[in-house]
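Observations on the model geometry
Here's the letter readout for the chains.
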Amino acid sequence: MSSTAFEWKPAFEPLAFARQSSTRTAQAPLALADLLRGVNEAAARPLNRATTLPAQAYTSEEFFGWELDRVLRAEWQCLAHVSQIPAPGDFLNLDLLGEPLIVVHGKDDVIRVLSRVCPHRSMDIMPQGFGYDGHPPAVGSEGKPGCGQTRLFLCPYHAWTFELDGQLKACPEMHQAEGFCRDDFFLKPFRSEIWQGFVFVNLDGQAPPLADGLEPMAADLAAFRVAGLKLVIAREWDCPFNWKVLVENFMESYHHLGIHHKTLQPLMPARDTWTETEHRRYVRAHLPYQDSVREEYRAFEAKGDFSEALPPVPGLGARQKSEWGLFLAHPTFLLATAPDRVIWYRLQPLGPDRLKLLTTTLVSPEAAARDNFETLRRRAEKQMVDFHLEDMEVCTAVQRGFYARGWQPGRLSHLEMPVWLFHRYLAARTRGVWPTDDYEPAPGQRP
């Protein structure tokens, strides 16, 4: 896997812009109850009369606190793909919503999500750099930030040692601590599940089973054999915008004719994109190739010459070879399928206006085994970076707009149906239900 911390600096800084005024935001502050009511009012409108959410839904600390408790910690968040930690002893570190976590492939072949907080004195057992010279608890993987391989976890503070399942193995000089029992101290495990080869965590431990309601999505992904794909590209981004801005941008293709007019619009024109019937747990959109692109791809596949492009994932049907598919499994699991790759975004919200993002690409083992794969991988990475740089510019500008005195509620196009469905999801969570639980599903845009 290629993994790079990508340094990108926006042309403007939204928070600095906001602080130029005497108040943090030009929008009148809203009490949380009023803001939740505003989300419901926006989501209750039919698609042909749909509007955007209140600006404060993207800037309010109080609303972000509600999201932390009722949405982000309460539901399933995706942390990794199994190909990132394929062997016993492989691990991946990340922080999610204030929790320092390890995703580790155990000696018993079980993948777990553990806290990195030592039960002794609360030290992060895997600090940046993994300890100090002469006392390394693990070996980092070159080019894969936060990843490594180890037999044991060793806290660098007082040398407490833990097995890969989190159990305490050794704790020097604790023999005089009266009543101390080694079995009482361990790295806290978090509830986790693997779905389609992705590792998910539920931080509050109360979410319904991950797969419930995702059966149609799983069937849609079956031909891609996502669990057997290999993650080969990973780019990290520090994003000065709200996590919902990224979700909305990822799922709607209306902006192909704007910011992506040179990259994605020639392949998948915005006017041809469409969205399925409303699903309870996810949103599904289709991005068909332009006819000329579809014909060119069929000729390319018939020729069998993959010297310039990745070969298709084996076993795909005709429709899957003629479009991109977009998926949002609520609240933050973003996946795009293409004939030759799958794109996954990992979101780590940091606040109402900050997000850490990992953009990745997965390909089939057959593609990764090709002699010219490194050339093809570099070309695919450039394509991903090119269109994501365009997204970074517009998402940053959108966040800036939320703080402006000139902000006003917007109207949504029919091509932004995924955004409208996402808003309906947020509104449903304010009521303690899921989309379609208390109303009829919105119809899809095509049979």
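Position numbers for residues count from 1 along each chain, tracking the sequence in the order it is written. pLDDT decides what is reported in this predicted model: residues at 70 or higher carry local features, side-chain atom pairs at 80 or more are listed and counted, and totals for whole chains, interfaces and linings draw on all residues regardless. Hydrogens and water molecules were not included; the side-chain quantities draw on all heavy atoms of the structure.

Some remarks on the overall build of the chain
- Helix and strand definitions here come from DSSP, where helices need a minimum of 4 consecutive H or I residues and strands a minimum of 2 consecutive E residues; each element is numbered from the N-terminal end. Scanning the chain from N- to C-terminus turns up nine helices and 19 strands.
- As defined in this context, the radius of gyration uses C-alpha atoms, and a globule is described by 2.2 Å times the residue total to the power 0.38. The globule rule puts the C-alpha radius of gyration for 447 residues at 22 Å, and the 23 Å found for the chain is close to it.
- Projected onto its principal axes, the C-alpha coordinates of the chain cover approximately 70 × 60 × 45 Å.
- Relative accessibility under 20% of the residue-type maximum defines a buried residue, over 50% an exposed one, and the middle range a partly exposed one, all with a 1.4 Å probe and only protein chains included. Scored against the burial criterion, the 447 residues of the chain give a buried share of 55%.
- Long-range pairs, those at least 24 residues apart, make up 68% of the contacts in the chain with a sequence separation of at least 6.
- By the counting rule applied here, Lys and Arg register as positive and Asp and Glu as negative, while His and the ends of each chain are not counted. Where a charge lies is defined by one atom per residue type, namely NZ (Lys), CZ (Arg), CG (Asp) and CD (Glu). Taking the average place of the 48 positive charges on the side chains of the chain and the average place of its 56 negative ones, the gap between the two points comes to 3 Å. Pairs of residues are marked as contacts when any of their non-hydrogen atoms sit within 4.5 Å.

Section: the layout of surface pockets
- Considering only enclosed or pocket space, the largest pocket measures out at about 660 Å³ in volume.
- For each structure, a 1 Å grid was placed over the protein atoms alone; sets of points admitting a 1.4 Å probe that cannot get out are labelled cavities, open sets with protein on both sides within 12 Å along at least five of seven lines are labelled pockets, and lining residues have an atom within 4 Å of a point. Looking at the largest pocket, it is lined by 24 residues, and the ones nearest its centre are Leu267, Tyr289, Asp340, Arg341 and Gln383.
- Those elements that place two or more of their residues in the lining of the largest pocket are α6 (291–303), β18 (341–351) and α8 (373–402).
- The dominant element in the lining of the largest pocket, judged by the number of residues it contributes, is α8, at seven residues.
- The nonpolar class holds Ala, Val, Leu, Ile, Met, Phe, Trp, Tyr, Cys and Pro. Asp, Glu, Lys and Arg form the charged class, and all remaining residues, Gly among them, are polar. Its residues assigned to classes, the lining of the largest pocket comprises 15 nonpolar, three polar and six charged. Grid points are joined across faces, edges and corners, and a volume is the space filled by probe spheres set on the points.

With respect to the sheet that holds strand β8 (residues 153–154)
- Note: two strands are recorded as paired if DSSP finds a minimum of 2 bridges between them. Sheet architecture is open: three strands sit in the order β8-β9-β10, paired in antiparallel fashion. At either end of the open sheet lies a strand with only one pairing partner, and these are β8 and β10 (168–170).
- In terms of strand pairing, β8 meets strand β9 (residues 161–162) through two bridges, oriented antiparallel. Within β9, the residue paired with leucine 154 across the bridge is threonine 161.

Considerations on the packing of aromatic side chains
- To pair, rings of Phe, Tyr and Trp, with the six-membered ring standing in for Trp, must have centres within 6.5 Å; the planes then decide the type, stacked if under 30 degrees apart, edge-to-face if over 60, and tilted in the middle. Considering all chains together, one arrives at 14 aromatic pairs under this definition.
- An angle of 10° between the planes, with centres 4.2 Å apart, marks the rings of tyrosine 58 and phenylalanine 402 as stacked. Here tyrosine 58 is found in the loop between α2 (32–44) and α3 (61–72), whereas its partner phenylalanine 402 is found in helix α8, with 344 residues between them in sequence. Each member of the pair, tyrosine 58 together with phenylalanine 402, is buried.
- Ring geometry for phenylalanine 180 against phenylalanine 185: centres 5.1 Å apart, planes inclined by 20°, an arrangement best described as stacked.
- The partly exposed category is assigned to phenylalanine 185, whose relative accessible area is 27%.
- Over a ring means this: the NZ of a Lys or the CZ of an Arg is within 6 Å of the ring centre and within 35 degrees of the ring normal. For arginine 281, the ring lying beneath its charged end belongs to tryptophan 434, and the centroid distance is 4.7 Å.

A word on empty space enclosed by the protein
- One pass over the full model with this rule turns up five cavities of 30 Å³ or more.
- Approximately 180 Å³ is the volume attributed to the largest cavity.
- Along the walls of the largest cavity sit 17 residues, with Phe250, Leu264, Leu326, Phe387 and Asp391 positioned nearest its centre.
- Elements with a contribution of two residues or more to the lining of the largest cavity: α5 (243–251), β16 (323–329), β18 and α8.
- In terms of residue count, α5 provides more of the lining of the largest cavity than any other element does, three residues in total.
- Taken together, the residues of the lining of the largest cavity sort by class into 10 nonpolar, five polar and two charged.

Brief notes about the environment of histidine 255
- Relative to the helices and strands, histidine 255 is located in the loop between α5 and β14 (274–275).
- Note on histidine 255: relative accessible area 14%, which makes it buried.
- Not counting chain neighbours up to four residues away, the residues in contact with histidine 255 comprise Asn249, His260 and Asp391.
- Within the local environment of histidine 255, its side chain forms a polar contact with the side chain of asparagine 249, the two groups lying 3.4 Å apart. Side-chain atoms alone can form a polar contact between residues adjacent in sequence; in general such a contact is a pair of N or O atoms within 3.5 Å, and within protein one must be able to donate a hydrogen while the other accepts it.

Structural notes on the confidence of the model for the chain
- Note: pLDDT gives the predictor's confidence per residue, expressed from 0 to 100. Summing up the model confidence of the chain, the mean pLDDT is 91 and the portion of residues at 70 or higher is 90%.
- The low-confidence segment residues 17–23 (pLDDT under 50) makes eight contacts with residues lying over four places distant or belonging to another chain.

A short note on the side chain of aspartate 220
- One can find aspartate 220 in helix α4 (residues 215–221).
- Judged by its relative accessible area of 16%, aspartate 220 is buried.
- Setting aside its immediate chain neighbours within four residues, aspartate 220 contacts Glu276, Arg284, Arg319, Gln320 and Phe327.

A closer look at α2
- Multiplying 1.5 Å by the residue count of a helix minus one yields the expected span of that helix. In this model α2 runs 18 Å from its N-terminal to its C-terminal C-alpha over 13 residues, within 8% of the 18 Å that 1.5 Å per residue would give.
- Within the span of α2, buried status applies to Leu35, Leu36, Gly38, Val39, Asn40, Ala42 and Ala43.
- Tucked into the core, α2 has its buried residues touching α3 and α9 (417–430).

A short note on the side chain of aspartate 340
- Along the polypeptide, aspartate 340 turns up in the loop between β17 (333–338) and β18.
- Residue aspartate 340 is classed as buried on the basis of its relative accessible area, which comes to 11%.
- For aspartate 340, the side chain forms a polar contact with the side chain of arginine 341, separated by 3.0 Å.
- Beyond its immediate chain neighbours, meaning those up to four positions away, aspartate 340 contacts Tyr297, Leu310, Pro311, Pro312, Val313 and Val363.

Observations regarding the packing of α2 against α3
- Helix axes are fitted to C-alpha atoms over the stretch in contact, other axes to C-alpha atoms as well, and angles between N-to-C directions run from 0 to 180 degrees. The contact between α2 and α3 brings their axes to 9 Å, and the two run at 70°. As summarised for this structure, α2 and α3 are arranged roughly perpendicular, according to the angle between their axes. In this structure, α2 uses Leu32, Leu35, Leu36 and Val39 to contact α3, whose residues at the interface are Glu62, Phe63 and Trp66.
- When grouped by side-chain class, the residues that make up the contact of α2 with α3 number six nonpolar, no polar and one charged. Angles are sorted into four bins: roughly parallel if under 35 degrees, roughly antiparallel if over 145, roughly perpendicular if 65 to 115, and oblique for all others.

Side note on unusual backbone geometry
- The peptide bond linking histidine 330 to proline 331 adopts the cis configuration, its omega dihedral lying at 5°.
- The residue proline 331 is located in the loop between β16 and β17 in this model.
- A positive phi angle, close to 70°, is found at aspartate 109, a residue other than glycine.
- Not every positive phi belongs to a glycine, and serine 122 is a case in point at roughly 70°.
- Take serine 122: it is sitting in the loop between β5 (111–115) and β6 (139–141).
- Here serine 122 falls in the exposed class, since its relative accessible area comes to 57%.

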